[in-house]
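# Remarks on the overall topology
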Amino acid sequence: MALDLLGIPRPAEMIGGELGVGEELVFSGQLLGSERYQALDLVRNLQMDGLGMYLFLKHGGVQEKTGDHYMVHGGSIKTRADFNRIRLPDPDDPAIYEPYRQFINEYRSTNLGLFCMMNLGSDPVILGMGFETFATAIYDDRSLVWDMLEMYTDFYARAVRHICELDFDFLWFGDDLAFKTAPYVSPRIFRDLILPHFRKVAENITKPWLFHSDGNLMPILDDLLSLGMNGLHPIEPGAMDLALLKKRYGKNLCLCGHISVDTLSRGTPEEVDALVRESIRIAAPGGGYIAGSSNSISYYCKAANVRAMQQAILRYGKYPIALAE
């Protein structure tokens, strides 16, 4: 997608994939960029305001090729013995954070908002176990789920202290918790099993931060917001009601996203323009809205639609917002 937006021919052998492909335990890199283009080129081309890096632990998800893309199709952590073989790096090792220092030194003068994206800690558990194993283990072997959450959140609770000592403007955490219809687990299980581990990480965050999860978070949203995040992403259309969120939480919470990836992939530029306009009309008055896609800009999105989204944001997103009801 980035190559298409920059007008760079896409190599026929190019294969994409989920973060986590490879043998390294920690993935550290620019969210935007590759050997074929510079991250800053794409940011400038789309007139974006921020640039970031990610710090993710390699999870135990099993990658399989689907078409010309790798996707996670299950997990490799099925038993206590599998779990006992996991060895995480030392989160207090200064060498882990050297690429982040270099990134800040290189891009601080750009006046872009610099951020680091991490997990709170449930993603590597769910992806590493796979949905079926995770779901059954909640009832059959909850101590295994607890211990995995404990291990990963211990890492991130310590790692985030080091990241917060660096000159990032904000942090972005991503742990998918919901399908389009409902959260992965009941509110009670979320409060008992996942939230205490998330809180351990959140208590060490000293920068402004936002949280990402697709799907319908409403049954657990008040519990989730008790962690103190400043923004919520991506407000998936059909799963979350943007107007309701603006009314109920908009004074204290920045809402981010809501431009449907489905429209970006299958719609027309005119439909994208209309969706951006309506989202800005609903959520932007008074501030507290960042327009963008309702997930990542996926490889199957149309470049013309992504460009239409960018142009519509620039067209309608100027304050004071004066769009008709």
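Residues numbered from 1 in each chain as written. Predicted model: local features only at pLDDT ≥ 70, side-chain atom pairs only at ≥ 80, totals over all residues. Heavy atoms only, no water.

Let us look at the overall build of the protein chain. Within the protein chain, the secondary structure is distributed over 13 helices and eleven strands. A compact globule built from 325 residues should have a C-alpha radius of gyration of about 20 Å, and the protein chain, at 20 Å, falls within 12% of that. Considering only C-alpha atoms, the protein chain reaches an extent of 55 × 45 × 40 Å along its principal axes. Among the 325 residues that make up the protein chain, the fraction classed as buried is 50%. For the protein chain, restricting intrachain contacts to residue pairs at least 6 apart in sequence, the fraction spanning at least 24 positions comes to 74%. Accessible surface, the protein chain as shown: approximately 15400 Å² in total, 52% of it carbon and sulfur. Computing the positive centroid from 31 side-chain charges and the negative centroid from 41, the protein chain places the two 5 Å apart. (Helix = DSSP H or I, 4+ residues; strand = E, 2+ residues; numbered from the N terminus. Rg over C-alpha atoms; globule rule 2.2 N^0.38 Å. Buried < 20%, exposed > 50% of the residue type's maximum accessible area, 1.4 Å probe, protein only. Contact = heavy atoms within 4.5 Å. Areas by Shrake-Rupley, 256 points an atom, 1.4 Å probe, with all protein chains shown as cover. Lys, Arg positive; Asp, Glu negative; His and termini not counted. Charge placed at Lys NZ, Arg CZ, Asp CG, Glu CD.)

Looking now at the environment of Gly215. Relative to the elements of secondary structure, Gly215 occurs in the loop between β8 (209-212) and α9 (221-225). In sequence terms Gly215 and Leu177 are 38 residues apart; their C-alpha atoms lie 7.5 Å from each other. With near-sequence residues (within four places) excluded, Gly215 lies in contact with Ala178, Phe179, Lys180, Glu236, Ala239 and Met240.

Further remarks concern unusual backbone geometry. Across the junction of His233 and Pro234, the peptide omega takes the value 10°, indicating a cis bond. Mapped onto the elements of the fold, Pro234 is located in the loop between β9 (231-233) and α10 (242-249). Geometrically, the link from Tyr319 to Pro320 is a cis peptide bond, its omega value of 0° lying close to zero. With phi around 65°, Asn111 is a residue other than glycine that occupies positive phi space. In this structure, Asn111 sits in the loop between α4 (98-107) and β6 (113-118). Judged by relative accessible area, Asn111 falls into the exposed class, the value being 74%.

In the structure shown here, the tally under the stated rule is 14 aromatic pairs. Measuring from centroid to centroid gives 6.5 Å for Tyr100 and Phe168, while their planes differ by 65°, and the two rings are edge-to-face. Taken together, the positions of Tyr100 in helix α4 and Phe168 in the loop between α7 (142-164) and β7 (170-174) put the pair 68 residues apart, joining distant regions of the chain. With respect to class, Tyr100 is no different from Phe168; both count as buried. (Phe/Tyr/Trp six-rings, centres within 6.5 Å; stacked < 30°, edge-to-face > 60°.)

The N-to-C vectors of α10 and helix α12 (residues 269-283) enclose an angle of 20°; their axes lie 9 Å apart at closest approach. With respect to each other, α10 and α12 are oriented roughly parallel. The crossing of α10 and α12 is right-handed. Contacts between α10 and α12 involve Leu242, Ala243 and Lys246 on the former and, on the latter, Ser279, Ile282 and Ala283. (Axes fitted to C-alpha atoms, helices over the stretch in contact; angles between N-to-C directions. Parallel < 35°, antiparallel > 145°, perpendicular 65-115°, else oblique. Left-handed = near helix turned anticlockwise from the far one by under 90°.)

The subject of this paragraph is the side chain of Thr263. Topologically, Thr263 is positioned in helix α11 (residues 261-266). Classification of Thr263 as buried rests on a relative accessible area of 18%. Apart from the residues within four sequence positions on either side, Thr263 is in contact with Glu271, Val272, Leu275 and Asn305.

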